[in-house]
Amino acid sequence: MCGIVAYVGKQEALPIIIKGLKRLEYRGYDSAGVALLNENGLSIYKKKGKVSQLEDFLAQNQDIKSTIGIGHTRWATHGEPNDANAHPHYSSSENFAMIHNGIIENYEVLKTDLINKGYVFHSETDSEVFINFIEDVYKNNDCSIEEAVRLALHKVVGAYAIVIMHKEEPDTLIAARKGSPLVIGVGEDEYFLASDATPIIEYTNQVVYLDDYEIAVIRDNKLQIKTIENVETNPYINQLEMELEAIEKGGYEHFMLKEINEQPRSIADCMRGRLDAKNGRLVLGGLRDYMNKFQNADRIIIMACGTSWHAGLVAEYLFEEFARIPVEVEYASEFRYRNPVVSEKDFVIAISQSGETADTLAAIELAKSKGATIFGVCNVVGSSIPRATHAGSYTHAGPEIGVASTKAFTAQISVLTMMALMLGYQRGTLTESRYIQLLHELEAIPAKVEKALLMNDKVEKIAAQYKDARNFLYLGRGYNFPVALEGALKLKEISYIHAEGYPAAEMKHGPIALIDEEMPVVFIATKDSSYEKIVSNIQEVKARKGKVIAVVTEGDTQVKNMADHVIEIPETHEAFVPLLAVVPLQQLSYHIAVMRGCNVDQPRNLAKSVTVE
Ligand code: M6R
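Residues numbered from 1 in each chain as written. Predicted model: local features only at pLDDT ≥ 70, side-chain atom pairs only at ≥ 80, totals over all residues. Heavy atoms only, no water.

Draft legend 1. Representation of the site of the ligand in the model. The immediate surroundings of the ligand are formed by 14 residues, with S308, S352, S354, T357 and E493 found nearest. Taking E493, its side chain carries an N or O atom lying 2.4 Å from an oxygen atom of the ligand. For the ligand, whose free accessible area comes to 410 Å², the fraction covered by protein is 91%. Among the elements of the structure, α9 (306–323) and α17 (480–495) are those that each provide at least two residues to the shell around the ligand. With three residues, α9 is the single largest residue contributor to the shell around the ligand. For the shell around the ligand, a count of residues per class yields four nonpolar, eight polar and two charged. Each of domain 2 (249–443) and domain 3 (452–613) gives at least three residues to the shell around the ligand. (Near = heavy atom within 4 Å. Polar contact = N/O pair within 3.5 Å; in protein donor to acceptor, adjacent residues only side chain to side chain. Areas by Shrake-Rupley, 256 points an atom, 1.4 Å probe, with all protein chains shown as cover. Helix = DSSP H or I, 4+ residues; strand = E, 2+ residues; numbered from the N terminus. Nonpolar A, V, L, I, M, F, W, Y, C, P; charged D, E, K, R; others polar. Domains from an automatic or database assignment.)

Draft legend 2. Fine view of the nonpolar core. Counting 93 residues, the largest nonpolar core has F294, F319, I349, M419, L421, F472 and Y474 as the members making the most contacts within it. Ranked by residue count, the leading element in this core is helix α19 (residues 577–595), at 11 residues. Each of domain 2 (249–443) and domain 3 (452–613) gives at least three residues to this core. The contact partners of L421, leaving out residues within four places of it in the chain, are L282, F322, L430, Y435, L438, L439, L442 and F576. (Core = buried A, V, L, I, M, F, W, Y, C linked by side-chain atoms within 4.5 Å. Buried < 20%, exposed > 50% of the residue type's maximum accessible area, 1.4 Å probe, protein only. Contact = heavy atoms within 4.5 Å.)

Draft legend 3. View of the domain arrangement of the protein. Looking at the protein, the domain boundaries give domain 1 (3–245), domain 2 (249–443) and domain 3 (452–613). The C-alpha centroid of domain 2 is placed 33 Å from the C-alpha centroid of domain 1. Between domain 1 and domain 2, the residue contacts involve nine residues of the former and nine residues of the latter. Carbon and sulfur atoms supply 50% of the area that domain 1 and domain 2 bury against each other, a total of about 820 Å² over both sides. Considering only the surface of domain 1 that becomes buried against domain 2, Y26, Y209 and E245 emerge as the three largest contributors, covering 46% of it. Between domain 1 and domain 2 we count one salt bridge in total. Its salt-bridge partner being D211, residue R387 comes within 2.4 Å of it at the nearest N-O pair. Where domain 1 packs against domain 2, one counts three residue pairs in polar contact (both at pLDDT 80 or more). (Buried area = accessible area lost by both parts, 1.4 Å probe. Salt bridge = Lys/Arg side-chain N within 4 Å of Asp/Glu carboxyl O.)

Draft legend 4. Representation of the sheet that holds strand β10 (residues 191–194) in the model. What the eight strands build is an open sheet, ordered β3-β2-β4-β1-β10-β9-β11-β15; its pairing is antiparallel. The two strands at the open ends of the sheet, each matched to only one other strand, are β3 (41–48) and β15 (238–239). Bridging between strand β9 (residues 183–186) and β10 involves four bridges; their strand directions are antiparallel. In the sheet register, V183 faces β10, and the bridge partner there is A194. The sheet contacts of helix α1 (residues 13–24) involve β1 (3–8), β2 (31–38), β4 (68–74) and β10, and relative to β1 the element is tilted by about 160 degrees. (Pairing = 2+ DSSP bridges. Axes fitted to C-alpha atoms, helices over the stretch in contact; angles between N-to-C directions.)

Draft legend 5. Empty space enclosed by the protein, seen in detail. Using the criterion set out here, one finds two cavities of 30 Å³ or more in the structure. In this structure, the largest cavity occupies an estimated 60 Å³ of space. Mapped onto the lining of the largest cavity, the elements with two or more residues apiece are β4, β6 (96–104) and α4 (126–141). Taken together, the residues of the lining of the largest cavity break down into two nonpolar, eight polar and two charged. For the second largest cavity, the calculated volume is near 40 Å³. M1, C2, W75, T77, N101, G102, T611 and V612 are the residues that line the second largest cavity. Taken together, the residues of the lining of the second largest cavity sort by class into four nonpolar, four polar and no charged. (1 Å grid on protein atoms, 1.4 Å probe; cavity = no way out; pocket = protein on both sides within 12 Å on 5 of 7 lines; lining within 4 Å. Points joined across faces, edges and corners; volume = space filled by probe spheres on them.)

Draft legend 6. Representation of helix α15 (residues 445–453) in the model. Along α15, the positions that sit buried rather than exposed are I445, P446, K448, V449, A452 and L453. Projected down its long axis, α15 shows its buried positions confined to an angular sector of 160 degrees, all on one face. Turning to α15, the residues buried within the fold contact α6 (255–261), α7 (263–271), α14 (432–443), α16 (456–466), β27 (565–569) and α19. (Arc of directions from axis to C-beta.)

Draft legend 7. Inspection of the pairing of β4 at higher detail. Counting buried positions over the seven residues of β4 gives seven, a clear majority of the element. In β4, alternate side chains face the same way, and those of I68, I70, H72 and R74 on one face and G69, G71 and T73 on the other are all buried. Pairing of β1 with β4, which is carried by six bridges, proceeds in the antiparallel orientation. Of the residues in β4, the one forming a bridge with I4 is H72. Summarising the sheet, β2 and β4 pair through six bridges and their orientation is antiparallel.

Draft legend 8. Molecular detail of the layout of surface pockets. There is about 1,100 Å³ of room inside the largest pocket. Together, 45 residues line the largest pocket, and M242, N379, V381, G398 and P399 are the ones closest to its centre. Counting only elements with at least two residues in the lining of the largest pocket, the list comes to β15 and α7. When residues of the lining of the largest pocket are assigned to their parent elements, the largest contribution, three residues, is made by α7. A class-by-class count of the residues in the lining of the largest pocket yields 16 nonpolar, 14 polar and 15 charged. When residues of the lining of the largest pocket are sorted by domain, at least three fall in each of domain 1 (3–245) and domain 2 (249–443).

Draft legend 9. Quick peek at helix α13 (residues 407–427). A rise of 1.5 Å per residue sets the reference length of α13, with its 21 residues, at 30 Å; its end C-alpha atoms lie 30 Å apart and thus fit the reference within 8%. Within α13, 18 of the 21 residues are buried, leaving the element largely enclosed by the surrounding structure. With its phi angle positive at about 80 degrees, G428 sits one or two positions after the end of α13. (Expected span 1.5 Å × (residues − 1).)

Draft legend 10. Seen up close, the pattern of salt bridges. Throughout the structure, instances matching the rule amount to 27 salt bridges. E55 is paired through a salt bridge with K22; the nearest N and O atoms lie 2.7 Å apart. Of this pair, E55 sits in helix α2 (residues 51–58) while K22 sits in helix α1, placing them 33 residues apart in sequence. What makes E55 partly exposed here is its relative accessible area of 30%. For E202, the salt bridge is made with R23, and the minimal N-O distance between the two is 2.8 Å. Of this pair, E202 sits in the loop between β10 and β11 (206–209) while R23 sits in helix α1, and the two are 179 residues apart along the sequence.

This is the structure:
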């Protein structure tokens, strides 16, 4: 969480930083601030609230012209969201200013020590302790700033991406990372630093991804990178492939709506160059060197959080059905703190949109230490998880800015479906003819998602009827059980309505007690192997006067006769239904949230990239 941006070069720093912070607001929006250095000294401007509030505040100041600066948008960890806890933070002498994304775990010990030495603190943050600690090392060692940073990093426990400025060095930025992302954009006589590439893309497509335990020094227009062991490394320049339009709203009112509507294209992009049904071809380049391990694995372990975990649950059904390998789906946050039984015969799949989720990263390291092969399914190119895994496949959904995940979910399922089909075919658990038939069916999915999206107006009307409900229940069976969980998560995170997802058959073991005439129950009741069973579950809800909203297969009449509302989606193989059924549920939560006046793209208390545990 938290977004950081910095600039040094020949342009005005402030507009670049403000624009960059707006692009990174999805990472946190509790407060925002900038530090700028010019002939008047090193000045910090910061405000509680969103970047736009900082902009209003800055409009009252004249002295803010500078060609070097750092900026921060915060998701609060230590200390409530207020002006004092906002970043950047000065050191006590006000010679240093720092922005920080991450958490310093041993900050209390460091703080006590610094207080004993006479340091005074103005915030409750671990970050202010961090910059004062660096200042203290600097004062006591008669060394350069970068050397002080390097020495200090040896003593700091936790995660960080930092950028530091010093009053006496008007052309120098010092950055370092461990566990939190940092990208350096290399322009002509200018450098851009940010938590991801979105603030950089319109200025340059040449980027360097800083690695853990690396320190970057940009001085006199030159970039030098060293490890914290003081070994110089050669910066590797990557070419960004992102398009600027992909990170803009493109006429939509919200990013979430844009991203829901992008799904026919994002799923097609995910399959492009990988799936060619006519020629019976399915290739995932990332799997090539690991196919043998994958095929012969004793077990597949899937690790993820949130929506990505739901995609993992769909994958459990896919892998077990098509490839007959046992699968366990783990919350990364639980896995990392158990003493799990893992061996080199296990094939671990880590799923993450951002590629930065702290729990998933830690779970990967644990499984790796036990000898398992780790395969990443991630969306953000160059993020930490793809770099921590042995191999992986990108989902190619394009930047997802709305905090509620939509197109990343369907792209994750698309990659996992391709993996399951490849695996089943290679292992011989899928016959050639069935395999080819499934490839054709999968290839038809983007067009079917396009059709599913056409239900939007109907879904909006249903939303209007239920927007004031206090609770919702989402029920599904088989492949549609994870879809029920995902529908409930979407609704609660952006509309703040309490929603529960359940396997439909579990309803009678408890949740049925909640049903009365006030309770909307969303069923995913498509024509599949458990259709008759779910029809009975719908009857049970109707018998208790619950309101039924059912997602059904086009042409269904049986559920239509029982439900209060039906939303039709095209017919497909039951294994691929999640890719279609989730679409009206995303639309339902979107419309309800808009009607309730909620901030759809930046819901309260959440951040897109959860880099703290
Ligand atoms: O970036 P990741 O996929 O690792 O993120 C995992 C969760 O934080 C994420 O899916 C979260 O649940 C979303 N807000 C869901 O919409």
